[in-house]
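Here are the chains, one letter per residue:
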Amino acid sequence: MAVLFGGIVAQGAAQAFPTKPITIVVPFAAGGPSDTIARLFAASMSQKIGGQVIVENVAGAGSTVGIGRVAKADPDGHTLLLSHISHATTATLYRKLSYDPIKAFAPVGMVTDGAFVLVSRKDFGTDTLPQLFARLKADGDKITYAHAGVGSGSHLCGLMLMGQLGVKMTQIPYRGTGPAMNDLVSGKVDVLCDQITSALPQIQGKAIKAYAVTSTEKVKGLDLPTLAASGLPGFRATVWHGLYAPAGTPAPVIGQINKALREALKDPVILQRLAQLSTDPATEAQADPAFLGKHLVSEIAAWKKIIDTAGVYAD
Ligand code: MLT
């Protein structure tokens, strides 16, 4: 699915980039948090960069299909990737990847950081977190847990929750939490741990029930406890999104895209929307190619330890 933002602005002869629309590949389905963030930034960056910015959803295999697409794209700055922690987790979870998660990419900058919220279908029959925990313990695998594929944020959040509670729900994988949320709203699945970015409108519209957030601090705008302070000490799961180009993209082009990203991060429309969605914009220091490069390397190492200790792989 592709959507166009903005119009092509006439380029001066000296400006070699962009020469055609820029595509931001989102490795999850439309309607989910990654998609929401990509479309928000695409709209603003298209104005800053002076050209169309298109969002394309290339979902599948816990995001590795879309990430792999960008790894093989021409390194000219016209194909970008917006990926989140799955870029780090799948590096270990999938032993056979068609790309090198570090070497195949030129980082542009971090985009956002946000927490998950634990939610259920609205008629699940529990109102409070203790009631939800009791139900999960009593009914175990009779309860369905939706997620966005092995290695996705929602999958890992669910694994951490089940591990700490000592319960095993039946996992239902989707190509993103967009379609998973649709099925939660229509009552086809029971429980989901989704990024606040896309869960908040459903919570506010009372289409689903929310219990707790996964950050260590409470989230502004949401009257919910943290899991860490509600019987799961130390529970912490947040999702950062980063923007990447294929390795080999010329430094001046990365510089131009980074400038547009930094300007978008100051755009009042974006800041207001992210505040409404209780999601943090990247700071000045985080919106930096070197910062994102180092962060990706350290996150891959951190998740490798956790995944290797658990000994659970996707392939
Ligand atoms: C996830 O669970 O990793 C995300 O919510 C995926 C998505 O953006 O759909």
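This text gives an overview of the structure that appears in the document. Source: prediction; values computed, not measured.

## A word on the overall build of the protein
Logical step 1: Scanning the protein for helices and strands turns up 10 helices and 11 strands.
Logical step 2: Dimensions along the principal axes, computed over C-alpha positions, put the protein at roughly 70 × 40 × 30 Å.
Logical step 3: Within the protein, residue pairs in contact and separated by at least 24 positions form 79% of the contacts whose partners lie at least 6 positions apart.
Logical step 4: For the protein, the accessible area works out to roughly 13000 Å², and carbon and sulfur atoms hold 57% of it.
Logical step 5: Of the side-chain charges in the protein, 28 are positive and 23 negative, and the distance between the mean point of each set is 2 Å.

## Describing the site of the ligand
Logical step 1: Near the ligand the following residues occur: Phe28, Pro33, Ser34, His84, Ala148, Ser152, Gly153, Ser154, Gly176, Thr177, Asp194 and Gln195.
Logical step 2: Take His84: an N or O atom from its side chain is 2.6 Å from an oxygen atom of the ligand.
Logical step 3: Protein burial of the ligand: of its 270 Å² of free accessible surface, 100% is covered by the chains.
Logical step 4: Elements with a minimum of two residues in the shell around the ligand: helix H1 (33-49), helix H5 (153-165) and strand E8 (191-195).

## As for the nonpolar core
Logical step 1: Counting 79 residues, the largest nonpolar core has Phe41, Phe105, Leu161, Leu227, Leu243 and Ile257 as its most contacted members.
Logical step 2: When sequence neighbours within four positions are dropped, the list of residues in contact with Leu227 reads Leu118, Leu129, Phe133, Leu161, Ala212, Val213, Thr214, Leu232 and Phe235.
Logical step 3: Formed by 20 residues, the second largest nonpolar core is a distinct cluster that contains Val117, Tyr174, Leu192 and Leu222.

## What about the packing of H1 against helix H9 (residues 268-276)?
Logical step 1: Between H1 and H9, whose axes approach to 10 Å, the crossing angle comes to 170 degrees. Viewed along their axes, H1 and H9 adopt a mutual orientation that is roughly antiparallel. Side by side, H1 and H9 meet where Leu40, Phe41 and Ser44 of the first sit next to Ile270, Arg273 and Leu274 of the second.

## Comments concerning the pattern of salt bridges
Logical step 1: All told, the structure shown has 13 salt bridges when counted by the stated rule.
Logical step 2: Between Arg121 and Asp123 there is a salt bridge, with the nearest N and O atoms lying 2.9 Å from each other.
Logical step 3: Residue Arg121 is classed as buried on the basis of its relative accessible area of 16%.
Logical step 4: For Asp183, the salt bridge is made with Lys188, and the minimal N-O distance between the two is 3.7 Å.
Logical step 5: Overall, the relative accessible area of 60% leaves Lys188 in the exposed class.
Logical step 6: Each of Arg121, Asp123 and Asp190 takes part in salt bridges that share partners, so that together they form one network.

## Comments concerning the side chain of Thr23
Logical step 1: Along the polypeptide, Thr23 turns up in strand E2 (residues 22-26).
Logical step 2: Apart from residues no more than four positions distant in its own chain, Thr23 is found in contact with Ile54, Glu56, His78, Thr79 and Leu80.

## Considering the packing of aromatic side chains
Logical step 1: Counted according to the given criterion, the structure contains 2 aromatic pairs.
Logical step 2: With a centroid separation of 6.2 Å and an interplanar angle of 80 degrees, the aromatic rings of Tyr99 and Phe105 are classed as edge-to-face. Like Phe105, Tyr99 is buried.
Logical step 3: Among the aromatic residues, those joined into a cluster by ring pairs are Tyr99, Phe105 and Tyr244.
Logical step 4: Residue placement shows Arg135 over the ring face of Phe124; its charged tip is 4.0 Å from the ring centre.

Procedures and definitions
Residues numbered from 1 in each chain as written. Predicted model: local features only at pLDDT ≥ 70, side-chain atom pairs only at ≥ 80, totals over all residues. Heavy atoms only, no water. Helix = DSSP H or I, 4+ residues; strand = E, 2+ residues; numbered from the N terminus. Contact = heavy atoms within 4.5 Å. Areas by Shrake-Rupley, 256 points an atom, 1.4 Å probe, with all protein chains shown as cover. Lys, Arg positive; Asp, Glu negative; His and termini not counted. Charge placed at Lys NZ, Arg CZ, Asp CG, Glu CD. Near = heavy atom within 4 Å. Polar contact = N/O pair within 3.5 Å; in protein donor to acceptor, adjacent residues only side chain to side chain. Core = buried A, V, L, I, M, F, W, Y, C linked by side-chain atoms within 4.5 Å. Buried < 20%, exposed > 50% of the residue type's maximum accessible area, 1.4 Å probe, protein only. Axes fitted to C-alpha atoms, helices over the stretch in contact; angles between N-to-C directions. Parallel < 35°, antiparallel > 145°, perpendicular 65-115°, else oblique. Salt bridge = Lys/Arg side-chain N within 4 Å of Asp/Glu carboxyl O. Phe/Tyr/Trp six-rings, centres within 6.5 Å; stacked < 30°, edge-to-face > 60°. Lys NZ or Arg CZ within 6 Å of the ring centre and 35° of its normal.

Bear in mind that shape data such as this cannot, by itself, settle questions of function.
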